[in-house]
Every structure is written in structure tokens, then in C-alpha cells.
Amino acid sequence: MGDFEERLSYLVDLNRLVGRIRVDLAPRGFGKTSLLRQYQRRAKERGALTIWVTAGEQSGLIGQILAAIRQETVTWQSEKRTRLVSMLDSVTIGVGVPGIARAEVSAKRPLAAAGSAGVREFENVIRTTTEAGNAAGVVIFIDEIQAADAAGLRTLAYAWQHLQAEGADVPAAIFAAGLPDAPDKISAVVTFAERIAYRPLGRLSADAEEIAISAPARAVGVTWQADALAAAISVAGGYPYSVQLIADSSWAAAGRPDPGGAIALVDVQKGQEAMRGDLDALFRARWANAAPQERDVMTAMAQLGDDPVNRADIAVRMGVTASSLSVPRARLIDKGLVQSEGRGLLGFTIPGFASFIRELDQ
């Protein structure tokens, strides 16, 4: 949160543009959306107008943003807001946002297909939005950015490039979240990378896991015994979804204790058994989503152990060349099943998946 707070203060306190688009990257289940929502709550607390979109809708990324701006500013009363509405009416594509009549957001011409003129129009919408109300600035949040349309990404990136070059006094920012393949998809349509700051989200540290597990219990007067907490941290393995599962299942195994109660090691052991069903369902769904060649790669990885494995060792195990793994490796990363663990190393994104795969072969 520290980096986000610094950028938010730059926007709110100095009334300046945050020139680089920030994108948090992680496989599914790492809490990217939750973190982005936390950013949004904090921006609202600081008085900023927040615009939230989930990329991938038929209207396109820019259409989604413009429709959200109209919806979030509907109560603003000013001549500048009237100008903003007129501007939106002239550029917005049809989006069919719930709660807004389609006629209110239908287009006179498609912004995202308008080339450089569309970029300038979108830039002007951002400028006008920052001027039209009493908000401390405008912060756009984009979830699942890897699913955004190419035209929308280009318009967004080039508009922000123009603002950075010409409009440092425009208090606006963009924060996004996406899968690990988002940089490849964005760079395929945007020729400059320096305008986008990518931040990979790794597994939680042991300290972060301890806080995530024990703090909610402490808030209601319940403690975790030291050995129970250590066991829960070991089970979770730094994976946010597993942290939630082991904490909840241990809490249930302890009988949902009242204030003054405690969660013991035996509760964690019972909880680990209880959470197995949830993890198995997750594992089966992910296994079913993998193509035969991708399953072969994961089987070889699992046979080599639970820790990250070398790509060359996977190839030897499969009896193929290391270069032949490039395509299935990329697809597995795109699907969030495996992740790069350093130069030449691959690991499963979810603790326990390797064991699940080994059991399938038995």
C-alpha cells in the first residue's frame, strides 16, 4: 500500500497527474481484485472520484470508462458538468450500463475507432472531469486489464502519454490489475513500455500471513496458539486463497469460539482436512482447463517435487527439448496454473497442486 499511498498523495495533495499507469500482476487467486478495491476505498477516503471498470465487455475499455464517468458524476451540478455531459454524448459508444438508459450513452461516433482524434477526445474528457466537480482528482481502476480490447488500450496509453507531456496539472491516475501475461498483451498493441509500471505480486510473506490469520480473530477477542498459527502459515504456503481457507476451516473446527477462546493445533489439523475438499474442487477445475500437452508439463513438474523446478529438468523428464516447452509453458502461465520462479524455473501457483497431480497418477 505504501507505493499507492505515495502516488495518491501526489495526486490529491499536489494536484498533479500520476504519469505512469500502474498494473499489479499475479495469477488468479492472489487477491488482485481485493487489493484494487482497497486502493479504491482509500482514494474515496481522500476525496477522489473513482471510476471502476472490469475490462472485456463488448463496449470496449474506453466505452466502459466513459459510461462509468457519466454514472459517477450524475449528481454533479455545474456548468462544467453540463459541458462534460455534452462531450460524453458526442463521443461515447453504446454500453448499456445497468441503471442508465441506453439512449443516454449511445454514440454519435465511436471514440475507440477514431484514431488520434479519439485519443485527444478521451484526453479532453479526463481533463474536463477533473475540472467539473468538487473531487480531489480522478482515479481510474481497471480490473482484468489483459482482457481489454486493443483499440481501448491504445487510446488509454496514448492519451496518458499526452497528459504526461502536456498536462501535469491534471489530477488523474490509473491503477490496474491483470494476469502475468498482461504485459505481453499490452506491449503487442502499445509500442512504448515506459508509460506503464508493472508490479508483480508474489506470495505473502510469513509475517503477512500471520497478520492475515490472527488479526481478524484478535479483533473479536480470540487468540491463536503459537503452534497452531505456525501450522496454519505452513499449510497456506503464502497463497492468499489458502490463507483464507485454513483460517476459516480452523475457526470452524474450533467451534467458532467466543471472546476469550483460542484456536489450537488440533483445530488446524482438523481444518486442513476440511479444506481439502475445497482445494480438490479447485485443482480439478484447473486440471480440466489444461490441454493434454499442458497436463504433460505439469505432470513432469509434479514428479520432480513440490519446489520450483528447472525447465531443462522438465524437458529431460518428458524426453523432449527445452525449446519445445515454450508454447505450453506460456499457456500455463496465461491460465495461472504455473508461474516463473526465477531464471529457468517454474513453480505451481497453488500449494498442494503438485501433490494432487501425483495422486492422479496412482
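Residues numbered from 1 in each chain as written. Predicted model: local features only at pLDDT ≥ 70, side-chain atom pairs only at ≥ 80, totals over all residues. Heavy atoms only, no water.

K.L.:
So what exactly am I meant to see when it comes to the environment of A247 here?
P.N.:
Structurally, the position occupied by A247 is in helix α11 (residues 240-253). Spatially, the C-alpha atoms of A247 and D267 are 10.0 Å apart, while their sequence positions differ by 20 residues. Setting aside chain neighbours within four positions, we find A247 in contact with I213 and W224. (Helix = DSSP H or I, 4+ residues; strand = E, 2+ residues; numbered from the N terminus. Contact = heavy atoms within 4.5 Å.)

K.L.:
What am I meant to see in the pattern of salt bridges here?
P.N.:
Close approach of charged atoms allows side chains of opposite charge to pair. Applying the stated criterion to the full structure yields 14 salt bridges. Residue D3 is joined to R7 by a salt bridge in which the shortest nitrogen-to-oxygen separation is 3.1 Å. A residue pair is termed a helical-turn pair when its members lie 3 or 4 positions apart in one helix, as D3 and R7 do in helix α1 (residues 2-14) at 4 residues. The residue R358 makes a salt bridge to D306 at a minimum N-O spacing of 2.9 Å. Of the two residues, R358 sits in helix α16 (residues 353-360) while D306 sits in the loop between α13 (292-303) and β8 (309-310), which places them 52 residues apart along the sequence. A relative accessible area of 26% means that R358 is categorised as partly exposed. (Salt bridge = Lys/Arg side-chain N within 4 Å of Asp/Glu carboxyl O. Buried < 20%, exposed > 50% of the residue type's maximum accessible area, 1.4 Å probe, protein only.)

K.L.:
Looking at this structure, how should I read the nonpolar core?
P.N.:
In a soluble, globular protein the nonpolar side chains are often hidden away together inside. V139, F141, W224, M298, V338 and F348 are the most contacted members of the largest nonpolar core, which totals 60 residues. Counting residues in each nonpolar core, the second largest holds 44 residues, with L17, L84, I145 and L163 among its members. (Core = buried A, V, L, I, M, F, W, Y, C linked by side-chain atoms within 4.5 Å.)

K.L.:
It is not clear to me how the confidence of the model for the protein should be interpreted in this structure. Could you clarify?
P.N.:
Residues shown with low pLDDT carry predicted positions that ought not to be read at fine detail. Mean pLDDT over the protein: 86, with 91% of residues reaching 70 or higher. Of the regions scoring below 50 in pLDDT, residues 92-117 engages in 49 contacts with residues more than four places distant in sequence or in other chains. (pLDDT = per-residue confidence, 0-100.)

K.L.:
Even after reading the chapter, I still don't get empty space enclosed by the protein, so can you show me in this structure?
P.N.:
To locate leftover empty space, one rolls a probe as large as a water molecule over the atoms. For the structure shown, the criterion picks out 1 cavity of 30 Å³ or more. Around the largest cavity, the lining residues are I21, I145, L153, L156, A157, I186, V190 and I196. The element that contributes the greatest number of residues to the lining of the largest cavity is helix α7 (residues 150-166), accounting for 3 residues. Taken together, the residues that form the lining of the largest cavity break down as 8 nonpolar, no polar and no charged. (1 Å grid on protein atoms, 1.4 Å probe; cavity = no way out; pocket = protein on both sides within 12 Å on 5 of 7 lines; lining within 4 Å. Points joined across faces, edges and corners; volume = space filled by probe spheres on them. Nonpolar A, V, L, I, M, F, W, Y, C, P; charged D, E, K, R; others polar.)

K.L.:
What should I look at first to understand the packing of helix α10 (residues 226-236) against helix α12 (residues 265-288) in this one?
P.N.:
The relative placement of two packed helices is expressed as an angle between their axes plus a distance between the axes. Where α10 meets α12, the axes come as close as 8 Å, and the angle between the chain directions of the two elements is 25°. On the basis of the axis angle, α10 is roughly parallel to α12. Regarding α10 and α12, the two cross each other, and that crossing is right-handed. Facing D227, A228, A231, A232 and V235 of α10, the residues of α12 in contact are L265, V268, Q272 and M275. Here the residues of the contact of α10 with α12 are counted per class, giving 7 nonpolar, 1 polar and 1 charged. (Axes fitted to C-alpha atoms, helices over the stretch in contact; angles between N-to-C directions. Parallel < 35°, antiparallel > 145°, perpendicular 65-115°, else oblique. Left-handed = near helix turned anticlockwise from the far one by under 90°.)

K.L.:
Looking at this model, I keep getting lost on the sheet that holds strand β9 (residues 338-340). Mind explaining?
P.N.:
Where strands meet in a sheet, backbone hydrogen bonds hold them as pairs that are either parallel or antiparallel. Pairing within the open sheet is antiparallel, and its 3 strands lie in the order β8-β10-β9. Because the sheet does not close on itself, it has two edges, and the strands there are β8 and β9. (Pairing = 2+ DSSP bridges.)

K.L.:
Teacher, can you tell me more about the sheet that holds strand β5 (residues 196-200) here?
P.N.:
One open sheet holds the 5 strands; their spatial order is β2-β3-β4-β1-β5, and the pairing between them is parallel. Every other strand in the sheet has two partners, leaving β2 (49-54) and β5 as the edge strands with one partner each. Averaged over all pairs of adjacent strands, the angle between strand axes in this sheet comes to 15°, irrespective of strand direction. Pairing of strand β1 (residues 21-25) with strand β4 (residues 172-178), which is carried by 4 bridges, proceeds in the parallel orientation. Bridge pairing in β4 links V23 to A176. Helix α2 (residues 32-45) contacts β1, β2, β3 (138-143), β4 and β5 of the sheet and is inclined by roughly 170° relative to β3.

K.L.:
Looking at this structure, I do not really get the packing of aromatic side chains. What am I missing?
P.N.:
Given two aromatic rings, their pairing is described by the distance between the two centres and the angle made by the two planes. Considering all chains together, one arrives at 10 aromatic pairs under this definition. Judged by centre distance (5.0 Å) and plane angle (15°), the rings of F283 and F353 are stacked. Of this pair, F283 sits in helix α12 while F353 sits in helix α16, and the two are 70 residues apart along the sequence. An aromatic cluster is defined as three or more aromatic residues linked by ring pairs; in this entry it consists of F4, Y39, W52, F141 and F175. When the ring centre of W52 is taken as reference, the NZ or CZ atom of R37 above it lies at 3.5 Å. (Phe/Tyr/Trp six-rings, centres within 6.5 Å; stacked < 30°, edge-to-face > 60°. Lys NZ or Arg CZ within 6 Å of the ring centre and 35° of its normal.)

K.L.:
What exactly am I supposed to notice about the pairing of strand β10 (residues 345-348) here?
P.N.:
The side chains of a regular strand alternate between both faces of the sheet. One ladder, built from 2 bridges, connects β8 with β10; its direction is antiparallel. Bridging across to β10, V309 finds its partner in L346. Note: β9 against β10, 3 bridges, orientation antiparallel. Across the sheet, the residue bridging to S340 is L346, located in β10. As consecutive antiparallel partners, β9 and β10 are separated by 4 residues, and within that stretch G342 has a phi angle of approximately 130°, a positive value.

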